[in-house]
Amino acid sequence: MIAITWPDRRADITNALSVLATLQPHGIASWPGLTDAVHWLIDDTFWDGHDPRDDIGTILADTSEAEAIIATLEPLLAILGALGPTAPDDDYLTHPRWHEVTRAATDTHQLMTGKTPSRPQH
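In this text, all values refer to a predicted model and were calculated from it rather than measured experimentally.

Each value, and the rule that gives it
Residues numbered from 1 in each chain as written. Predicted model: local features only at pLDDT ≥ 70, side-chain atom pairs only at ≥ 80, totals over all residues. Heavy atoms only, no water. Axes fitted to C-alpha atoms, helices over the stretch in contact; angles between N-to-C directions. Helix = DSSP H or I, 4+ residues; strand = E, 2+ residues; numbered from the N terminus. Parallel < 35°, antiparallel > 145°, perpendicular 65-115°, else oblique. Left-handed = near helix turned anticlockwise from the far one by under 90°. Contact = heavy atoms within 4.5 Å. Nonpolar A, V, L, I, M, F, W, Y, C, P; charged D, E, K, R; others polar. Expected span 1.5 Å × (residues − 1). Buried < 20%, exposed > 50% of the residue type's maximum accessible area, 1.4 Å probe, protein only. Salt bridge = Lys/Arg side-chain N within 4 Å of Asp/Glu carboxyl O. Arc of directions from axis to C-beta.

## Describing the packing of helix α2 (residues 34–43) against helix α3 (residues 63–83)
- Their axes nearest at 12 Å, the elements α2 and α3 cross at an angle of 120°. Taken together, the axes of α2 and α3 are oblique relative to one another. Relative to α3, the crossing made by α2 is left-handed. Across the interface between the two elements, Val38, Leu41 and Ile42 of α2 pack against Ile69, Thr72, Leu73, Leu76, Leu77 and Leu80 of α3.
- Grouping the amino acids of the contact of α2 with α3 by side-chain chemistry returns eight nonpolar, one polar and no charged.

So this is what it looks like as structure tokens:
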């Protein structure tokens, strides 16, 4: 396995995946939430504008992790594009494609950590 040069950023990514995998509609707002997860996964990485494969060795370990991130980003970015940045969280979480985000985030988290995602405790 390749050495990761930005382990803290990687931890943010796995936390974002945990949040995306476990958020439930109509839940009690808590930290970290959807906004935090989107910030860690997209804003901090710029993966909405460049290929996650470019971050193998810095954040991601290999091509399989990059492909899994891409599979998570695709439905998430589609939902964000459809609803815009200011919709209530429940609008995202009840979007017809949200189950794709949840499934991909769960699979990607499992791949990157070897663990089942659970809500990050900060």
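## Some thoughts on helix α1 (residues 7–22)
- Along its 16 residues, α1 runs 23 Å from first to last C-alpha, staying within 8% of the 22 Å computed at 1.5 Å per residue.
- Residues of α1 that are buried: Arg10, Ile13, Thr14, Asn15, Ala16, Leu17, Ser18, Val19, Leu20 and Ala21.
- Tucked into the core, α1 has its buried residues touching α2, α3 and α5 (98–113).

## Side note on the pattern of salt bridges
- In the structure shown here, the tally under the stated rule is six salt bridges.
- One salt bridge connects glutamate 67 with arginine 53, and the closest N-O pair in it is separated by 2.2 Å. Of the two residues, glutamate 67 sits in helix α3 while arginine 53 sits in the loop between α2 and α3, which places them 14 residues apart along the sequence.
- Look at glutamate 67 and you get partly exposed, because its relative accessible area is 36%.
- Given a relative accessible area of 35%, arginine 53 falls into the partly exposed group.
- The shortest N-O distance in the salt bridge between arginine 97 and glutamate 74 comes to 2.7 Å. Placement of arginine 97 in the loop between α4 (89–93) and α5 and of glutamate 74 in helix α3 is noted, with a sequence separation of 23 residues between them.

## Quick notes on unusual backbone geometry
- Although it is not a glycine, phenylalanine 46 adopts a positive phi angle of roughly 65°.
- Within the secondary structure, phenylalanine 46 sits in the loop between α2 and α3.
- Residue classification places phenylalanine 46 among the exposed positions, given a relative accessible area of 54%.

## Focus on the packing of α1 against α3
- Between α1 and α3, the least distance of the axes is 13 Å, while the angle of their chain directions is 45°. Here α3 runs oblique to α1, going by the angle between their axes. Crossing of α1 against α3: the hand is left-handed. Facing Arg10, Ile13, Leu17 and Leu20 of α1, the residues of α3 in contact are Glu65, Ile69, Thr72 and Leu76.

## Here's the deal with α2
- Every buried residue of α2 is listed here: Leu34, Ala37, Val38, Trp40, Leu41 and Ile42. The buried residues of α2 occupy one face: seen down the axis, they fall within an arc of 165°.
- Contact partners of the buried residues in α2: α1, α3, α4 and α5.

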